[in-house]
Structures are given as C-alpha cells and as structure tokens.
Amino acid sequence: MAASEFQRTLMNNLSRQRMSVAGLAKHTGYSPLLLENLIAGKTRQIPVDFFVRVADILDLTMEERDALVRSWAFGIEKRSWSLTSA
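Residues numbered from 1 in each chain as written. Predicted model: local features only at pLDDT ≥ 70, side-chain atom pairs only at ≥ 80, totals over all residues. Heavy atoms only, no water.

Student: I keep staring at the nonpolar core and nothing clicks. Help me out?
Tutor: Counting residues in hydrophobic clusters, the biggest one holds 19 residues, and the most contacted among them are Phe6, Leu10, Leu24, Leu35, Phe50 and Leu58. Going through the elements one at a time, helix 1 (5–16), helix 2 (21–28), helix 3 (32–40), helix 4 (50–58) and helix 5 (62–74) are the ones with two or more residues in this core. If you tally residues by element for this core, the top one is helix 4, at five residues. Among residues more than four places away in sequence, those in contact with Leu35 are Val21, Leu24, Ala25, Thr28, Tyr30 and Phe50. (Core = buried A, V, L, I, M, F, W, Y, C linked by side-chain atoms within 4.5 Å. Buried < 20%, exposed > 50% of the residue type's maximum accessible area, 1.4 Å probe, protein only. Helix = DSSP H or I, 4+ residues; strand = E, 2+ residues; numbered from the N terminus. Contact = heavy atoms within 4.5 Å.)

The following block contains the structure:
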C-alpha cells in the first residue's frame, strides 16, 4: 500500500528530528496507538490541538506546519497528473 501524503510529510519531519512515532507520542502526550492509526489512515478523528503540539515538538516552521495540515486535509493521495503535455 502506498504511503499517504500525510504519512510521508510527518515521517520526513520526524526523521529530520531523529524522532520515532513512539517518541512523538511521549512528547505530545498522545497514545502511540492513536498516532499509528492516524499515520496509517485508519482514523480521521484527530485531536483539535494535534498540529499545534506536533509543530511545537518538532520545531516546525510556519510553512512546514501548513504543509503538514494541507497533507492531512487534501493529501489523501497525490495524483500523477502531468502539467505538461508530452
């Protein structure tokens, strides 16, 4: 199964900070199971302060936080539409 845009974005941010999902869970106070389910796309029930907490813990810039929010809201899967004609 292909990774969602949200999964790729969040995991890239975690990797850059050398943090695991379990580490993020510990620092944010969320359960590891909740984070795993969000990342895997098994639930869309996201805590209201999720992006604020994650952005603070991962020290994300405003642009990086916005990209994470957009990936959650709009990035179910990126389409491979070409912008140029062949």
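Student: Please explain the packing of helix 2 against helix 4 as it appears in this structure.
Tutor: The relative placement of two packed helices comes down to the angle between their axes together with the axis-to-axis distance. With their axes 10 Å apart at the nearest point, helix 2 and helix 4 run at an angle of 110° to one another. Compared by their axis directions, helix 2 and helix 4 come out roughly perpendicular. The chirality of how helix 2 crosses helix 4 is right-handed. Residue-level inspection shows Leu24, His27 and Thr28 of helix 2 in contact with helix 4, the latter providing Arg53, Val54, Ile57 and Leu58. Split by residue class, the contact of helix 2 with helix 4 holds four nonpolar, two polar and one charged. (Axes fitted to C-alpha atoms, helices over the stretch in contact; angles between N-to-C directions. Parallel < 35°, antiparallel > 145°, perpendicular 65-115°, else oblique. Left-handed = near helix turned anticlockwise from the far one by under 90°. Nonpolar A, V, L, I, M, F, W, Y, C, P; charged D, E, K, R; others polar.)

Student: Is there a simple way to think about the packing of aromatic side chains in this case?
Tutor: To describe a pair of aromatic rings, one takes the distance between the centres and the angle between the planes. Across all of its chains, the model carries four aromatic pairs by this definition. Through a chain of ring-to-ring contacts, the aromatic side chains of Phe6, Tyr30, Phe50, Phe51 and Trp72 assemble into a single cluster. Geometry around Trp72 places Arg44 over its ring, the cationic atom sitting 4.0 Å from the centre. (Phe/Tyr/Trp six-rings, centres within 6.5 Å; stacked < 30°, edge-to-face > 60°. Lys NZ or Arg CZ within 6 Å of the ring centre and 35° of its normal.)

Student: How should I be thinking about unusual backbone geometry in this particular structure?
Tutor: A negative phi angle characterises most non-glycine residues, just as the trans form characterises most peptide bonds. Unlike most non-glycine residues, Arg18 shows phi in positive territory, near 55°. Relative to the helices and strands, Arg18 resides in the loop between helix 1 and helix 2. Although it is not a glycine, Asp59 adopts a positive phi angle of roughly 55°. Checked against the element boundaries, Asp59 lands in the loop between helix 4 and helix 5.

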